Amino acid sequence: MERRDKDNYYLDIAETVLERGTCLRRNYGSIIVKHDEIISTGYTGAPRGRRNCIDIGVCKRQELNIKRGTHYELCRSIHSEANAIISASRRDMIASTLYLVGKDCKNKELVESANSCDMCKRLIINSGIERIIIRITKDTYKVIYTSEWVKDDDSITNEFGY
């Protein structure tokens, strides 16, 4: 029997975490790991105490046919990366790894070209997380270093250019 490699092991856990997500469109799961210890987890969902999209039965962004990656201000949810970050101490996140998995709610397939949105990229950089590992298929993933986002400053901009 072949043993599961560590990165896929943590991605499997993040994939389980996303099952708690409450979005009707796409759910993501994130875990932050440092020195082989899980620091925190997060999934896509409304702020504590507010009703989730699955509770009200509608996703405003889906209803308005809003393109992926835009107009997150219309979303009820907090992204999984943000939820994982606010549940951890910055001291614990410095030089850590964030594992990210996304699934489409309709077909239950992994989100193609999954990545953090611009706002989550900013949060990840400021939190001290060093790298992000994103699931592509059940056994493959891509690795992104936050230093690349810092170096390529123009990659994190909004529709107004800042």
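Since we're looking at a predicted model, the values are computed, not measured.

**Looking at the side chain of Arg25**
Moving on, step 1. Position of Arg25 among the secondary structure elements: in the loop between α1 (6–17) and β1 (26–34).
Moving on, step 2. Among buried charged residues, Arg25 stands out as having no salt bridge; its nearest opposite-charge side chain is Asp104, 7.4 Å away.
Moving on, step 3. Polar side-chain contacts of Arg25 include one of 2.3 Å to the backbone oxygen of Ile66.
Moving on, step 4. Other than its neighbours up to four places away in sequence, Arg25 contacts Cys59, Arg61, Gln62, Ile66, Lys67, Arg68, Asp104 and Cys105.

**Examining the packing of aromatic side chains**
Moving on, step 1. Per the counting criterion, the structure on display carries two aromatic pairs.
Moving on, step 2. Measuring from ring centre to ring centre gives 5.2 Å for Tyr10 and Tyr99, while their planes differ by 40°; the resulting arrangement is tilted. One end of the pair, Tyr10, is in helix α1; the other, Tyr99, is in strand β3 (residues 97–104), with 89 residues separating them in the sequence.
Moving on, step 3. The exposure class of Tyr10 is buried, given its relative accessible area of 4%.
Moving on, step 4. Among the aromatic residues, those joined into a cluster by ring pairs are Tyr9, Tyr10 and Tyr99.

**Some remarks on the UniProt feature "active site" (unreviewed entry) in the protein**
Moving on, step 1. Sequence positions flagged by UniProt for "active site" (unreviewed entry) are, in local numbering, Glu81.
Moving on, step 2. Here Glu81 shows up in helix α4 (residues 80–86).
Moving on, step 3. When neighbours within four sequence positions are excluded, Glu81 is seen to be in contact with Ser30, Leu98, Leu100, Asn115, Ser116, Cys120 and Ile124.

**Here's the deal with the nonpolar core**
Moving on, step 1. With 16 residues, the main nonpolar core has Ile32, Leu98, Ile124, Ile129 and Ile132 as its most contacted residues.
Moving on, step 2. Contributing elements (two or more residues each) for this core: β1, α4, β3 and β4 (131–135).
Moving on, step 3. Ignoring sequence-local partners within four residues, the contact set of Ile132 consists of Leu98, Ile124, Lys142, Val143, Ile144, Thr146 and Trp149.
Moving on, step 4. Ranked by size, the runner-up nonpolar core spans ten residues in total, among them Tyr10, Leu18, Ile31 and Tyr99.

**A closer look at the UniProt feature "binding site: Zn(2+)" (unreviewed entry) in the protein**
Moving on, step 1. Under the UniProt annotation, "binding site: Zn(2+)" (unreviewed entry) lies at His79, Cys117 and Cys120. Judged by maximum C-alpha separation, these annotated positions cover 42 residues in sequence but sit close together in space, the widest gap being only 8.8 Å.
Moving on, step 2. Residue placement: His79 occurs in the loop between α3 (60–63) and α4.
Moving on, step 3. With respect to the secondary-structure elements, Cys120 resides in helix α6 (residues 118–127).
Moving on, step 4. Judged by its relative accessible area of 3%, Cys120 is buried.
Moving on, step 5. Other than its neighbours up to four places away in sequence, Cys120 contacts His79, Glu81 and Ala82.

Cut-offs and rules
- Residues numbered from 1 in each chain as written.
- Predicted model: local features only at pLDDT ≥ 70, side-chain atom pairs only at ≥ 80, totals over all residues.
- Heavy atoms only, no water.
- Helix = DSSP H or I, 4+ residues; strand = E, 2+ residues; numbered from the N terminus.
- Buried < 20%, exposed > 50% of the residue type's maximum accessible area, 1.4 Å probe, protein only.
- Lys, Arg positive; Asp, Glu negative; His and termini not counted.
- Salt bridge = Lys/Arg side-chain N within 4 Å of Asp/Glu carboxyl O.
- Polar contact = N/O pair within 3.5 Å; in protein donor to acceptor, adjacent residues only side chain to side chain.
- Contact = heavy atoms within 4.5 Å.
- Phe/Tyr/Trp six-rings, centres within 6.5 Å; stacked < 30°, edge-to-face > 60°.
- UniProt positions renumbered as here; feature names shortened; annotations may be inferred.
- Core = buried A, V, L, I, M, F, W, Y, C linked by side-chain atoms within 4.5 Å.

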